[in-house]
Amino acid sequence: MRAPLAAALLLAGTIAIPITGAGAQSIGLPNQSNGRPVEITADQGIEWQQKAQTYIARGNARAAQGDVAVYAERLTAYYRDADGGSTSVWRIDAEEAVRIETPTQKAYGDKGVYDVENGILVLTGRNVRMITETDRITARDSLEYWDKKSLAVARGNAVATRGDNTLRADVLSAHFIKGRDGASRVKQIDAFDNVVITTPDEIVRSQRGVYDVETGMATLTGSVKITRGENQLNGEYAEVDLNTGVSRLFGRGKGGVQGIFAPEKPAPGKPGEGGSTRQGVR
């Protein structure tokens with residue numbers, strides 16, 4: 001899962017804002033991200049409210065810097081006067097059909113708020129989601145990106161899907177690191193409360209999970225239950241290799257590990273007894 005919501009870096013810094021043309025208008029935002037300009041366009045024009053110190057772009061509004069772009073029906077930039085006659089944007093609001101695009105990912109929401117000074121982007125709405133080349137992340141409440149902490153957080157029935165594997169929890173947080181090429185990538189995902197990992201072979205439940213993206217290993221703690229068909233293992237600590245499908249379960253204290261295994265069902269026409277076998281595993 002690569003750098004969700006990296007577009008939070010989009011509109012930071014000090015800007016000079018000329019307004020040109022009529023109808024479809026644009027605002028050039030120079031001195032952004034190593035000198036790369038940011039441009040805002042809007043089909044219905046851009047309104048400058050001097051007393052409120054805001055610029056409002058309406059109608060298929062787009063803010064782009066390099067290969068990163070934010071789309072919305074309405075973009076509002078709040079600014080303060082800075083030295084040298086320029087202005088400094090401190091907040092950006094995006095409303096209606098919000099979409100953030102980079103070459104490797106797309107994020108969607110009904111509303112986006114970017115706190116420029118603190119480097120925090122929050123997407124909210126009824127269908128908040130992010131899609132990358134390999135992953136899909138959805139959340140009921142919000143998707144957040146904290147630039148200074150290199151952290152992304154999905155809140156409220158958060159679900160991360162890669163291929164046939166799904167990680168679900170009340171809250172998912174992703175930690176990023178930068179590679180030698182300067183690109184960000186996810187190193188670790190933490191899952192909090194009501195954690196469920198679903199693979200083609202099993203379902204694993206716990207209260208806390210830590211997933212190492214590079215190794216494919218998930219470490220789960222707190223009332224761990226591993227279910228495979230009609231068989232179930234219960235313990236307090238588990239290691240699940242999502243690459244190989246191998247799971248290891250451990251107990252703590254006197255409880256150990258408990259396994260509940262259903263016997264093979266007899267072939268049709270042959271007598272047999274149902275039931276299950278219960279045994280402790282340490």
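Located above this text is the structure these notes cover.
Residues numbered from 1 in each chain as written. Predicted model: local features only at pLDDT ≥ 70, side-chain atom pairs only at ≥ 80, totals over all residues. Heavy atoms only, no water.

A.B. asks: Any details on the overall build of the protein? Residues and values, ideally.
C.D. replies: Looking only at helices and strands, the protein features zero helices and 22 strands. A fraction of 34% describes how many contacts in the protein between residues 6 or more apart in sequence connect residues 24 or more apart. For the protein, the accessible area works out to roughly 15100 Å², and carbon and sulfur atoms hold 47% of it. (Helix = DSSP H or I, 4+ residues; strand = E, 2+ residues; numbered from the N terminus. Contact = heavy atoms within 4.5 Å. Areas by Shrake-Rupley, 256 points an atom, 1.4 Å probe, with all protein chains shown as cover.)

A.B. asks: Outline the nonpolar core, listing residues and values.
C.D. replies: Formed by 54 residues in total, the largest nonpolar core has its most connected members in L75, L172, I189 and L220. In contact with L75, other than residues within four places in its own chain, are I40, Y55, I56, A57, A61, R62, A63, V70, D93 and A94. (Core = buried A, V, L, I, M, F, W, Y, C linked by side-chain atoms within 4.5 Å. Buried < 20%, exposed > 50% of the residue type's maximum accessible area, 1.4 Å probe, protein only.)

A.B. asks: Got a sec to walk through the pattern of salt bridges? Specific residues and values, please.
C.D. replies: Scanning the model with the defined rule gives eleven salt bridges in all. Two residues, R74 and E95, come together in a salt bridge whose shortest N-O distance is 3.2 Å. Here E95 lies in strand β8 (residues 87-101) and R74 lies in strand β7 (residues 68-81), a separation of 21 residues in the sequence. Judged by its relative accessible area of 29%, R74 falls in the partly exposed class. Residue classification places E95 among the partly exposed positions, given a relative accessible area of 28%. The salt bridge partner of K187 is E214, with a shortest N-O separation of 3.9 Å. One end of the pair, K187, is in strand β16 (residues 184-198); the other, E214, is in the loop between β17 (203-212) and β18 (217-228), with 27 residues separating them in the sequence. In this structure K187 comes out as partly exposed when scored by relative accessible area, which is 35%. You can call E214 partly exposed: its relative accessible area is 45%. (Salt bridge = Lys/Arg side-chain N within 4 Å of Asp/Glu carboxyl O.)

A.B. asks: Provide a residue-level description of the environment of N194, including the pertinent values.
C.D. replies: Tracing the chain through its elements places N194 in strand β16. Assessed through its relative accessible area of 44%, N194 is described here as partly exposed. Placed 14 residues apart in sequence, N194 and R208 show a C-alpha to C-alpha distance of 7.7 Å. With near-sequence residues (within four places) excluded, N194 lies in contact with R168, A169, D170, S206 and Q207. Of the polar contacts made by the side chain of N194, one reaches the side chain of D170; its length is 3.0 Å. (Polar contact = N/O pair within 3.5 Å; in protein donor to acceptor, adjacent residues only side chain to side chain.)

A.B. asks: Give a detailed account of the packing of aromatic side chains, specifying residues and quantitative values.
C.D. replies: The final tally for this structure, using the stated rule, is five aromatic pairs. Relative to Y55, the ring of W48 has its centre 5.4 Å away and its plane inclined at 15 degrees; by these criteria the two rings are stacked. On the accessibility criterion, Y55 (6% relative accessible area) is buried. Here Y55 and Y79 contribute two aromatic rings whose centre-to-centre distance is 5.3 Å and whose plane-to-plane angle is 35 degrees, an arrangement assigned as tilted. Of this pair, Y55 sits in strand β6 (residues 54-65) while Y79 is found in strand β7, placing the two residues 24 residues apart along the sequence. Grouping residues by exposure puts Y55 and Y79 together as buried. (Phe/Tyr/Trp six-rings, centres within 6.5 Å; stacked < 30°, edge-to-face > 60°.)

A.B. asks: Now, about the pairing of strand β5 (residues 46-49): what can you tell me, with residues and values included?
C.D. replies: As defined by bridge partners, β5 adjoins β6 across four bridges and the pair is classed as antiparallel. Paired with Q49 across the bridge in β6 is T54. Count of turn residues in the β5/β6 antiparallel hairpin: four residues, of which Q53 carries a positive phi of about 55 degrees. (Pairing = 2+ DSSP bridges.)

A.B. asks: A description of the environment of F192 should follow, citing residues and the corresponding values.
C.D. replies: By the secondary structure assignment, F192 is in strand β16. Between the C-alpha atom of F192 and that of Q207, which follows or precedes it by 15 residues, the distance is 6.3 Å.

A.B. asks: Give a description of unusual backbone geometry that names residues and reports values.
C.D. replies: For S150, which is not glycine, the phi dihedral falls at a positive 50 degrees. Within the fold, S150 resides in the loop between β13 (142-146) and β14 (151-162). The phi dihedral of N157 falls on the positive side, at around 45 degrees, and the residue is not glycine. Positionally, N157 belongs in strand β14.

A.B. asks: Lay out the environment of W90 in plain terms, naming residues and giving numbers.
C.D. replies: For W90, the location among the structural elements is in strand β8. Sequence separation between W90 and N118 is 28 residues; the distance between their C-alpha atoms is 8.9 Å. Dropping the residues within four chain positions of it, W90 is found in contact with Y78, Y79, R80, Y114, D115, V116 and E117.

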